[in-house]
Amino acid sequence: MLQVSFIRENKEQVIEGLKKRNFNELEIIDQIIETDNIRKKTQTQLDETLAESNKLAKQIGELFKSGKAAEANALKEKTAALKQQANILKQQLQEIENQLLNLLYQVPNVPHQSVPAGNSDQDNEVVDTENDIPQLPEDALPHWELAAKYNLIDFELGAKITGAGFPVYIGKGARLQRALINFFLEEALKAGYTEIIPPFVVNEASGYGTGQLPDKEGQMYHICEDDLYLIPTAEVPITNIYRDVILKEDDFPVKNVGYSPCFRREAGSYGKDVRGLNRLHQFEKVEIVQIQHPDKSYDTLNEMVEHVKGLLRQLELPFRTLRLCGGDLGFTSALTYDMEVYSAAQKRWLEVSSISNFETFQANRLKLRFKDKEGKTRLAHTLNGSALALPRILASILENNQTPEGIKIPKVLVPYTGFELID
RNA sequence: GGAGAGAUGGCAGAGUGGUCGAAUGCGGCGGUCUUGAAAACCGUUGUCCUUCACGGGACCGGGGGUUCGAAUCCCUCUCUCUCCGCCA
């Protein structure tokens, strides 16, 4: 959520930014400022009432102490009206604060200057492309057929046990998946990240902290009985570690990495987009999260993009980097790079990572701050990225590396898998 | 699941109706002393709202209540700990 002070001081910039996102309810900006004005006025009135009431209470106490009970009782009567007024003001203030919060929750982050204009994923900017797209023979199989042929993944079995979108990984399929997880974690450790195993279920406050609530509750599985949510990404628990935390400047950069299963309800998508591993209700992911000084967060974003590129290079997969356009940018993000790998049998690009700088947008909700050199408390910047999401990597490895002899495992993974070929 | 105890500043730990934003110790920061360091001594040390400022206000786990006045009394929720039961 944006800070009201930021909106006040940079109103034009905010409006321009929101336009780039095709966010058109711009009247909300003036509503926010107006509501905040009322909030301030009410707060001041309440403070004055309480100040007076405090003063009287002190006087009454002194009068009682010096035995002037009659005078004290006389004063007591004056406090009743003040008390009533204070209660009314308190209630009003509460309502106004809720209104303000509701308005602020509706405003997405202001995009970074470099975010291109655009309406949909069609308008995303391809920053670069690496590695050649493999030329497969005509009879090359898509990954779901390969998965069946070599008994790596059983989608029907998952549907039997749970439902569609919950595949069962078997044998070398399971081992390849585990190898990838370990590879990603080890690479993150080499890059200086601290490994975290977070809870896979979070409470409501955490959902609000990273911005999944209140607007995306439909995306998460909700355990009603305990009012908890299955995490859609490890970002949620790992970032919420720092909810209500004040860091020291030399704590930067905070670099955490965590593996987790991710659960997504993802209602409303059908057809070939969701075939096989392309879109699942449960999948595995290694997530990198950084918390950084505002002056350095964009350098950090680039560092994270480079880290992910390094992973894809080592896996020898063709990939490209996209800078998301305003229309495709996530609600909480200021700048996002998507990484896509080419899945050669499906002949399409698949998103395997999304790396974002949220600037202070999450930190504001999280109350994640740091003390700067002058001793002032300021909001930190949060960033995160997938490094990487497993299913589509798996899909692309299976498809791109298929040969008549079997599926070749990328060299870098062999120490992790313990086998070189799936046959 | 049953019984009991508790939640106070970065940490430890006092405080049971007014003088408490809160003793004391540790830690942190600044200083004196020292060639330097340690020790010792002195000072300082929470967050938030509001104000140009002076100032004012809120916060002792969350919410509500009693009272002129609540960290302190009452209700409620959450969490933690101890004992018993169950258990990977």
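Residues numbered from 1 in each chain as written. Chains lettered and ligands numbered in written order. Predicted model: local features only at pLDDT ≥ 70, side-chain atom pairs only at ≥ 80, totals over all residues. Heavy atoms only, no water.

## Some words on the domain arrangement of chain A
For step 1, the next point in the chain: Entries for chain A in the domain assignment read domain 1 (4-105) and domain 2 (121-422).
For step 2, the next point in the chain: Computed over C-alpha atoms only, the centres of domain 1 and domain 2 are separated by 43 Å.
For step 3, the next point in the chain: Summing both sides of the interface, domain 1 and domain 2 together bury roughly 540 Å²; the carbon and sulfur share of this comes to 49%.
For step 4, the next point in the chain: For domain 1, the biggest contributors to the area lost against domain 2 are K20, R21 and Y105; these three give 91% of the whole.
For step 5, the next point in the chain: Connecting domain 1 to domain 2 are zero salt bridges.
For step 6, the next point in the chain: Taken together, the links from domain 1 to domain 2 amount to four residue pairs in polar contact (both at pLDDT 80 or more).
For step 7, the next point in the chain: Each residue belonging to the side of domain 1 that touches domain 2 can be placed in one class, and the counts come to one nonpolar, one polar and two charged. (Domains from an automatic or database assignment. Buried area = accessible area lost by both parts, 1.4 Å probe. Salt bridge = Lys/Arg side-chain N within 4 Å of Asp/Glu carboxyl O. Polar contact = N/O pair within 3.5 Å; in protein donor to acceptor, adjacent residues only side chain to side chain. Nonpolar A, V, L, I, M, F, W, Y, C, P; charged D, E, K, R; others polar.)

## Looking at the pairing of strand 10 (residues 282-292)
For step 1, the next point in the chain: Most of strand 10 sits out of view: ten of its eleven residues are buried.
For step 2, the next point in the chain: Judged from the ten bridges that link them, strand 9 (residues 254-263) and strand 10 form a sheet pairing that is antiparallel. Bridge assignment links Y259 to a residue of strand 10, and that residue is V286.
For step 3, the next point in the chain: Sheet topology note: the strand 10/strand 16 (residues 381-389) ladder contains seven bridges and is antiparallel. Pairing of Q292 across the sheet is with H381, part of strand 16. (Buried < 20%, exposed > 50% of the residue type's maximum accessible area, 1.4 Å probe, protein only. Helix = DSSP H or I, 4+ residues; strand = E, 2+ residues; numbered from the N terminus. Pairing = 2+ DSSP bridges.)

## With respect to the protein's contact with RNA strand B
For step 1, the next point in the chain: Taken together, 19 residues surround RNA strand B, and among them R39, D47, A57, R369 and K371 come closest.
For step 2, the next point in the chain: Close to the protein, within 4 Å, the atoms of RNA strand B are drawn from sugar and phosphate at a rate of 74%.
For step 3, the next point in the chain: Between RNA strand B and R39 there is a distance of 2.7 Å, counted from a sugar or linking oxygen to a side-chain nitrogen or oxygen.
For step 4, the next point in the chain: By residue number, the principal contributor to the surface near RNA strand B is helix 3 (residues 27-65), which donates twelve residues.
For step 5, the next point in the chain: Of the residues that constitute the surface near RNA strand B, the class distribution is six nonpolar, six polar and seven charged. (Near = heavy atom within 4 Å.)

## Digging into the pairing of strand 16
For step 1, the next point in the chain: Most of strand 16 sits out of view: nine of its nine residues are buried.
For step 2, the next point in the chain: Two elements, strand 13 (residues 348-359) and strand 16, share four bridges in a ladder whose sense is antiparallel. Bridge pairing in strand 16 links N357 to L383.

## Some words on a negative patch on the surface
For step 1, the next point in the chain: Side chains of E204, D215, E217, E225, D226 and D227 sit close together on the surface and give a patch of like negative charge.
For step 2, the next point in the chain: In this structure, D227 sits in the loop between strand 6 (222-223) and strand 7 (228-230). (Patch = residues over 30% accessible without salt bridge, like charges linked within 9 Å, V, L, I, M, F, W, Y side chains within 5 Å. Areas by Shrake-Rupley, 256 points an atom, 1.4 Å probe, with all protein chains shown as cover. Lys, Arg positive; Asp, Glu negative; His and termini not counted. Charge placed at Lys NZ, Arg CZ, Asp CG, Glu CD.)

## Points about the packing of helix 7 (residues 172-190) against helix 10 (residues 297-314)
For step 1, the next point in the chain: Their axes nearest at 11 Å, the elements helix 7 and helix 10 cross at an angle of 135 degrees. Taken together, helix 7 and helix 10 sit at an angle that is classed as oblique. Where helix 7 crosses over helix 10, the handedness of that crossing is right-handed. Taken together, the residues of helix 10 that come into contact with helix 7 (itself represented by F183, F184, E187 and A188) are H307, L311 and Q314.
For step 2, the next point in the chain: When the residues that make up the contact of helix 7 with helix 10 are grouped by side-chain class, the tally is four nonpolar, two polar and one charged. (Axes fitted to C-alpha atoms, helices over the stretch in contact; angles between N-to-C directions. Parallel < 35°, antiparallel > 145°, perpendicular 65-115°, else oblique. Left-handed = near helix turned anticlockwise from the far one by under 90°. Contact = heavy atoms within 4.5 Å.)

## Some remarks on the layout of surface pockets
For step 1, the next point in the chain: If you add up the space inside the largest pocket, you get close to 1,600 Å³.
For step 2, the next point in the chain: Lining the largest pocket are 48 residues, with R264, D338, E351, S354 and R392 sitting closest to its centre.
For step 3, the next point in the chain: The set of elements that each furnish at least two residues to the lining of the largest pocket consists of strand 10, strand 11 (319-323), strand 12 (335-343), strand 13, strand 16 and helix 12 (390-400).
For step 4, the next point in the chain: Split into classes, the residues belonging to the lining of the largest pocket amount to 15 nonpolar, 17 polar and 16 charged. (1 Å grid on protein atoms, 1.4 Å probe; cavity = no way out; pocket = protein on both sides within 12 Å on 5 of 7 lines; lining within 4 Å. Points joined across faces, edges and corners; volume = space filled by probe spheres on them.)

## Some points on the sheet that holds strand 7
For step 1, the next point in the chain: Read across the open sheet, the three strands follow the order 5-7-6; overall the sheet is antiparallel. In this open sheet, the two strands that pair with only one neighbour each are strand 5 (201-203) and strand 6.
For step 2, the next point in the chain: Pairing between strand 5 and strand 7: three bridges, direction antiparallel. By the bridge assignment for strand 7, V201 is matched with L230.

## Some details on the pattern of salt bridges
Side chains that differ in sign of charge can pair as their charged atoms come close.
For step 1, the next point in the chain: Summed over all chains, the structure comprises 15 salt bridges.
For step 2, the next point in the chain: Residue R323 is joined to E125 by a salt bridge in which the shortest nitrogen-to-oxygen separation is 3.4 Å. A residue pair is termed long-range when its members are at least 10 positions apart, and R323 in strand 11 and E125 in strand 1 (residues 125-130) qualify at 198 residues.
For step 3, the next point in the chain: Given the relative accessible area of 30%, E125 is considered partly exposed.
For step 4, the next point in the chain: Its salt-bridge partner being K255, residue E303 comes within 3.2 Å of it at the nearest N-O pair. With E303 in helix 10 and K255 in strand 9, this pair connects stretches of sequence that are 48 residues apart.

## Some points on the environment of E359
For step 1, the next point in the chain: With respect to the element layout, E359 can be found in strand 13.
For step 2, the next point in the chain: Each C-alpha atom, one on E359 and one on V110, is 9.5 Å from the other, the two residues being 249 residues apart in sequence.
For step 3, the next point in the chain: If near-sequence neighbours (up to four positions away) are discounted, E359 is found in contact with H112, Y298, A334, A380, H381 and T382.

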